[in-house]
Amino acid sequence: MTKKLLFVDEHKVVNYAGGIERVICNFANEFIQRGYDVVIVCMDMEKGRPLFPLNGKVKFLNLCYDNRGQCTFGGIIWLLKKIQKEILRVFCGAKMRFGSRKIKDPKKEYYFNEFIRRLHKVVDDENPDLLISISADGADIIQKAAAGKHIPVVAMCHMDPSRILDEYVDNQIAAWKKCEYVQVLMDRFVEHLQRIDINNVVRIPNAVVQFKDDEICDLSITHHRIITAGRLDGAGKRQHLLIEAFAEIVSDFPDWKVHIYGDIANKRYKKKLDRLIRDNHLQDKVFFEGHTVNLLDEMRQSDVFVFPSEHEGFGLALAEAMSIGMPVIACRECEAAEEIIGENGILCDDEVSIADGLRQLLNSIELRQNLGNKAHRAMAQYSADKVWDMWQKLIDKVLHERRL
């Protein structure tokens, strides 16, 4: 009998180039091929489909819309909850804390309650064998929507848990503890969750696209291009470190340029980067390229990939740059980047050491080729077959345990 997997994504899904959404779409496509039925459920006020390709057999349900395509969420209550949240932010700040107490976000609470109510009917109609969430919030939503149905839940954690646990509240931690398993992406993340008595943790990394030896970057050609990829969010991605580092060395490498790929998620941060570029007279040296669906092609036309993130759940762009044979520079404090790179790239501590790393690579085509080849070979451990087999083993184990 065909088994059914039901994913719940409470974040932005429609037309959104998020790493989580990319993983879910790839996961769904793979397990359709492996003989499962797969349903993806969201509640997104934008109408449409996920940005990433989906097999036609994957069932996609947007609970904001009914079967006739009519929007059934929003309206006056939603507007009032948004106003209520903005008033609270004035007194409690962006993190919604009053003193030591975490204040509930009325907009988020209303959204989640409505999601739970609608998801309850979907679970009844679809009768899945396994429910999969993308976060602790998603696990909480699923467990409340499927209360009393005894359907196993596996929760994904796509972030570095050490960076989010201080912000988590009791119901989120409790939801993870009630799951059959919580999946994290890196070995060291298992320990972070075990420290707060979440012991049902399993490490399964993201799948990284693989390339044959004759498909990787041709580093015998110098393009004089340094690239990075990540949304401009002003928080963890830290493109300013790359710009500051490049400003330190640009006089020695006048032919080189920096190309920054990623959507603008924080307009204030983008203005800060623009000022940094102007102050260092880099207007003809540093370029914002926005989002691209052809990042791998851009990598092939570049020489060095820099990944200045402070924290990541995995760092898929970094891993893909390594897989395609690019020499990489990243920050040591990003645990995911440190674990992925190991001895196969350059790890730095700040903009000064990033500048030193750039100087080494830009001065030596031989070093770029050596690190690029090592990086390419190291990413074989993240091949899709290996990763999906790990998921298959976990799913089979959960369903077997539930039958006993």
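Residues numbered from 1 in each chain as written. Predicted model: local features only at pLDDT ≥ 70, side-chain atom pairs only at ≥ 80, totals over all residues. Heavy atoms only, no water.

## Considerations on the packing of helix 4 (residues 136-145) against helix 5 (residues 170-178)
For any two helices packed against each other, the geometry is given by the interaxial angle and the distance between the axes. As a reminder, the rule being used: Axis definition: a line fitted to C-alpha atoms, over the contacting stretch in the case of helices. Angles run 0 to 180 degrees between N-to-C directions. Where helices and strands are cited, they refer to DSSP runs of H or I of at least four residues and of E of at least two residues respectively, numbered from the N terminus. The cut-offs work like this: below 35 degrees is roughly parallel, past 145 is roughly antiparallel, 65 to 115 is roughly perpendicular, and the gaps in between are oblique. In this analysis, two residues are considered to be in contact whenever any of their non-hydrogen atoms come within 4.5 Å of each other. Here the term charged refers only to Asp, Glu, Lys and Arg, the term nonpolar to Ala, Val, Leu, Ile, Met, Phe, Trp, Tyr, Cys and Pro, and the term polar to all other amino acids, Gly among them.
Contact pair helix 4 / helix 5: the axes reach a minimum separation of 8 Å and the direction vectors enclose 70 degrees. Taken together, the axes of helix 4 and helix 5 are roughly perpendicular relative to one another. Residue-level inspection shows A136, D137, A139, D140 and Q143 of helix 4 in contact with helix 5, the latter providing N171, Q172, A175, W176 and K178. Here the contact of helix 4 with helix 5 is built from residues that sort into four nonpolar, three polar and three charged.

## Some remarks on the state of the cysteines
Cut-off, in case you're wondering: Defined by distance alone, a disulfide is two cysteine sulfur atoms within 2.5 Å. Remark: exposure states derive from per-residue accessible area (1.4 Å probe, protein chains only) relative to the maximum for the residue type, with buried under 20%, exposed over 50%, and partly exposed in between.
Tallied over the full model, the rule gives zero disulfides. Unpaired in terms of disulfides, C64 finds its nearest cysteine sulfur in C71, a separation of 5.2 Å. On the basis of relative accessibility, which here comes to 0%, the residue C64 falls in the buried class. We note that C157 lacks a disulfide partner, and the nearest cysteine sulfur, in C179, lies 11 Å from it. The exposure class assigned to C157 is buried, which follows from its relative accessible area of 3%.

## Describing the environment of I226
Structurally, I226 is set in strand 10 (residues 225-229). Sequence-distant contacts of I226, that is, excluding residues within four places in its chain, are made with L242, F246, W256, K257, V258, H259, V304, V306, L358 and L362.

## Side note on the sheet that holds strand 12 (residues 286-290)
The test is simple: Here, a strand pair is defined by DSSP locating no fewer than two bridges between the strands.
Spatial strand order, 12-11-10-13-14-15: six strands in an open sheet with parallel pairing. Among the strands making up the open sheet, the edge pair consists of strand 12 and strand 15 (346-348). Ignoring which end each strand starts from, the neighbouring axes of this sheet average 25 degrees apart.

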